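# Geometric and topological summary
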Amino acid sequence: MPQPASESPSHSDVAARAERRWAIVMLGIIALLVAMVVFTGLHWAMMPPSRVETVDPATLQLSGEFTEANLGSAVEPDGSVTVRIVGQQYSFTPQCIVVPAGTPVTFRVTSADVIHGLMIMGTNINSMIEPGFISTFKTTFDKPGDHQMPCHEFCGTGHQAMWANVKVVEPSAFTQLADHARRLTCDL
Amino acid sequence: MTHLRKPWWRDRIVGGSLATLAMLLLLSGVVGFVWLPSAQNDARFKGILDAICGAAGIPRGWLADAVPPLPTPRHVSTVVLTPDTLSHDAPGSIGRGGTLALKCTMCHGLRGVSTSETPSLAGQQSASIYKQLRDYQTGARSSAVMEPLVKDLSDQDLKDLAMFYGSLPREPARDLGNAPDIVAFGSPTRNIAACGSCHGGMTSKLGAPWLDAQPRAYLRTQLLAFSHGTRRNDTSAQMRNVAANMTPQEIEQAVEYYGSGR
């Protein structure tokens with residue numbers, strides 16, 4: 001009895017070879033994508049931080065680290081600086097953030113109402129600010145200078161007016177400021 | 001047909017592909033959940049379990065050893081406003097508020113429309129009235145007149161008053177078309193959002209009052225108090241941030257626009 005053409009051994013061998021080639025190409029593509037992720041993750045710090053931390057946005061002002069008195073830059077025992085910021089419709093508090101150059105800085109930011117965003121121009125600092133979550137990110141500013149810090153996530157009809165200043169100063173100037181207040185801002 | 005009788009997973013190609021896929025998955029998992037998180041400069045991503053939990057987004061504290069927060073000064077608003085703060089009120093709330101409001105009529109008018117320099121309350125946002133009453137009670141906002149009047153009221157009394165005044169008819173809002181720039185557009189390059197983006201006209205915000213037809217003297221005094229930082233019961237400096245950036249001319253324009261005809 002003659003075999004149907006598709007079941008002849010030579011044809012199934014051809015199909016198997018084709019499938020194997022396809023599998024190798026696919027594997028190659030996936031391996032390339034993973035390699036790109038590894039490269040950008042290690043060399044460009046493109047790995048999403050995933051530092052998930054929750055907070056009640058309605059009670060920020062009552063207690064914890066986002067009370068009004070605790071906002072601004074705080075000097076830690078190890079010499080690093082922690083900056084706490086609240087975003088709300090339509091301003092950041094504090095409105096002028098002062099940090100020392102060449103010092104590890106940890107930003108802790110949250111929102112009191114809707115989703116805001118934050119980017120510090122001239123740097124790669126860029127984060128969403130979500131109510132209910134604390135955005136934590138670490139950086140070191142390499143030289144003194146002034147940066148603008150706009151909200152880059154549409155947050156309502158006053159969005160375009162929402163921005164703050166980041167003033168990076170010499171460490172010695174920062175230390176002088178820190179002698180006079182426990183939480184520093186350059187608000188007027 | 002012999003090769004079809006083998007179960008599918010024992011087929012060389014199918015089985016080989018599955019095994020390769022499984023290895024890829026495992027490899028990608030190690031890359032994404034262990035290797036890359038561990039490469040971050042953060043103690044809390046170190047160690048396999050920490051790295052996996054961090055990459056998976058398990059909520060936890062990310063700043064363990066910071067200096068403790070500073071204590072909150074007494075004169076800071078402690079009001080918690082959510083959209084539900086005033087919506088679950090008991091029936092009869094407005095009626096009880098109306099009775100309590102008899103103490104308020106001397107200054108705020110018989111039906112909440114003031115004829116003096118005190119603000120009109122008719123049709124005001126209930127949440128705003130409640131917040132200010134609570135702030136007078138806790139001392140976050142000071143007034144020699146208001147503080148003794150609210151001292152002995154319960155939280156429910158304050159809510160009833162807020163509901164009552166919120167239920168009264170409000171003066172019709174004005175057309176933003178005639179508004180000065182500060183009200184309609186703000187000054188985005190100087191960090192000032194339009195008044196109308198929170199206080200009505202364009203949009204409103206929980207806790208921000210309507211300003212239409214308020215007495216000019218009251219509006220001026222409060223804007224100046226915010227800009228000088230002598231009034232500090234706005235949560236997280238929300239209004240101080242704006243007022244501090246306004247010029248005296250802009251304050252006067254906003255007062256003129258919102259101020260009642262008197």
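Residues numbered from 1 in each chain as written. Chains lettered and ligands numbered in written order. Predicted model: local features only at pLDDT ≥ 70, side-chain atom pairs only at ≥ 80, totals over all residues. Heavy atoms only, no water.

### Brief notes about the UniProt feature "domain: Cytochrome oxidase subunit II copper A binding" (unreviewed entry) in chain A
In this structure's numbering, the residues bearing the UniProt feature "domain: Cytochrome oxidase subunit II copper A binding" (unreviewed entry) are residues 78-180 of chain A. End C-alpha to end C-alpha, residues 78-180 of chain A measures 19 Å, and it is 8% helix and 50% strand. (UniProt positions renumbered as here; feature names shortened; annotations may be inferred. Helix = DSSP H or I, 4+ residues; strand = E, 2+ residues; numbered from the N terminus.)

### Comments concerning empty space enclosed by the protein
Where empty space is left becomes clear once a probe the size of a water molecule has been rolled over the atoms. Residues and elements named next belong to chain B. Summed over all chains, the structure comprises one cavity of 30 Å³ or more. Put simply, the largest cavity is a space of about 120 Å³. Around the largest cavity sit 13 residues that line it, and Ser 120, Ala 122, Glu 171, Asp 212 and Gln 214 are the ones nearest its centre. Here the residues of the lining of the largest cavity are counted per class, giving five nonpolar, five polar and three charged. (1 Å grid on protein atoms, 1.4 Å probe; cavity = no way out; pocket = protein on both sides within 12 Å on 5 of 7 lines; lining within 4 Å. Points joined across faces, edges and corners; volume = space filled by probe spheres on them. Nonpolar A, V, L, I, M, F, W, Y, C, P; charged D, E, K, R; others polar.)

### Looking at the UniProt feature "transmembrane region" (unreviewed entry) in chain A
Feature annotation in UniProt assigns "transmembrane region" (unreviewed entry) to the following positions: residues 22-42 of chain A. The straight-line gap between the two end C-alpha atoms of residues 22-42 of chain A is 30 Å; of that span, 100% is helix and 0% is strand.

### Digging into the interface of chain A and chain B
Contacts between the two partners involve 56 residues from chain A, matched on the other side by 58 residues from chain B. Each partner contributes to the roughly 4600 Å² buried at the junction of chain A and chain B, and carbon and sulfur atoms together form 59% of this total. Our count for the chain A to chain B interface comes out at three salt bridges. With a closest N to O distance of 2.8 Å, B:Lys205 and A:Asp113 form a salt bridge. Between the two partners, chain A and chain B, sit 17 residue pairs in polar contact (both at pLDDT 80 or more). Counting residues per element, the ones that place at least two in the side of chain A that touches chain B are helix H1 (9-43), strand S1 (72-75), strand S2 (81-88), strand S3 (91-93), strand S5 (104-111) and strand S8 (135-140) of chain A. It is H1(A) that contributes the most residues to the side of chain A that touches chain B, 10 residues altogether. Of the residues in the side of chain A that touches chain B, the class split is 23 nonpolar, 19 polar and 14 charged. (Contact = heavy atoms within 4.5 Å. Buried area = accessible area lost by both parts, 1.4 Å probe. Salt bridge = Lys/Arg side-chain N within 4 Å of Asp/Glu carboxyl O. Polar contact = N/O pair within 3.5 Å; in protein donor to acceptor, adjacent residues only side chain to side chain.)

### Describing a positive patch on the surface
A cluster of like positive charges, contributed by A:Arg17, A:Arg20, A:Arg21, B:Lys6, B:Arg10 and B:Arg12, occupies part of the molecular surface. Within the secondary structure, A:Arg17 is located in helix H1. (Patch = residues over 30% accessible without salt bridge, like charges linked within 9 Å, V, L, I, M, F, W, Y side chains within 5 Å. Areas by Shrake-Rupley, 256 points an atom, 1.4 Å probe, with all protein chains shown as cover. Lys, Arg positive; Asp, Glu negative; His and termini not counted. Charge placed at Lys NZ, Arg CZ, Asp CG, Glu CD.)

### A few points about the environment of A:Met149
All names here are of chain A. By the element assignment, Met 149 lies in strand S9 (residues 145-150). For the pair Met 149 and Asn 126, spaced 23 residues apart in sequence, the C-alpha to C-alpha distance is 9.5 Å. Beyond its immediate chain neighbours, meaning those up to four positions away, Met 149 contacts Ile 85, Phe 92, Ile 97, Leu 118, Met 119, Ile 120, Trp 163, Ala 164 and Val 166.

### Points about the sheet that holds strand S10 (residues 163-169) of chain A
Residue and element names in this part refer to chain A. Taken in spatial order, the three strands of this open sheet run S4-S10-S9, and their pairing is mixed. Bordering the open sheet on either side are strand S4 (96-100) and S9, each of which pairs with just one other strand. Across the sheet, the mean angle separating the axes of adjacent strands is 25° when strand polarity is ignored. Here S4 runs beside S10; their pairing, made up of five bridges, is parallel. Considered in S10, the bridge of Ile 97 is made with Val 166. Against the sheet, helix H2 (residues 171-178) makes contact with S4 and S10, and its axis sits at roughly 120° relative to S4, the strand it touches most. (Pairing = 2+ DSSP bridges. Axes fitted to C-alpha atoms, helices over the stretch in contact; angles between N-to-C directions.)

### Some points on the nonpolar core
Ranked by size, the top nonpolar core spans 32 residues in total, and within it A:Ile85, A:Ile97, A:Phe107, A:Leu118, A:Phe141 and A:Met149 carry the most contacts. Ranked by the residues each element gives to this core, the list is headed by S10(A), at four residues. If sequence neighbours within four positions are ignored, A:Leu118 has contacts with A:Ile85, A:Phe92, A:Val109, A:Ile125, A:Asn126, A:Ser127, A:Ile129, A:Phe137, A:Met149, A:Pro150 and A:His152. If you look at the next biggest cluster of nonpolar residues, it comprises 21 residues, including B:Val79, B:Ile129, B:Tyr130 and B:Tyr136. (Core = buried A, V, L, I, M, F, W, Y, C linked by side-chain atoms within 4.5 Å. Buried < 20%, exposed > 50% of the residue type's maximum accessible area, 1.4 Å probe, protein only.)

### So, the packing of helix H10 (residues 216-228) of chain B against helix H12 (residues 248-258) of chain B
Residues and elements named next belong to chain B. It is at 9 Å that the axes of H10 and H12 come closest, and there the two elements cross at 150°. Considering the angle they form, H10 stands roughly antiparallel to H12. With respect to the hand of their crossing, H10 and H12 are arranged in right-handed fashion. Side by side, H10 and H12 meet where Arg 216, Leu 219, Arg 220, Leu 223, Leu 224 and Ser 227 of the first sit next to Ile 251, Glu 252, Ala 254, Val 255, Glu 256 and Tyr 258 of the second. (Parallel < 35°, antiparallel > 145°, perpendicular 65-115°, else oblique. Left-handed = near helix turned anticlockwise from the far one by under 90°.)

### Regarding the pattern of salt bridges
Side-chain pairs of opposite charge can arise where the charged atoms are in close proximity. Residue and element names in this part refer to chain A. A complete count under the given rule lists 18 salt bridges over all chains for this structure. For Lys 167, the salt bridge goes to Asp 146, with nearest N and O atoms at 3.9 Å. Pair noted here: Lys 167 is in strand S10 and Asp 146 is in strand S9, with a separation of 21 residues, a long-range link. If you follow the salt bridges from partner to partner, you end up with Glu 53, Glu 65, Arg 84 and Arg 108 in one network.

### Some remarks on unusual backbone geometry
The linkage connecting A:Gln89 with the following residue, A:Tyr90, adopts the cis geometry, with an omega of -5°. Its location among the elements puts A:Tyr90 in the loop between S2 and S3. With an omega dihedral of -5°, the bond running from A:Thr93 to A:Pro94 counts as a cis peptide bond. In this structure, A:Pro94 sits in the loop between S3 and S4. Of note, B:Ala237 is a non-glycine position whose phi angle comes to about 60°, a positive value. Positionally, B:Ala237 belongs in the loop between H10 and helix H11 (238-245). On the basis of relative accessible area, B:Ala237 is assigned to the buried category, the value being 7%.

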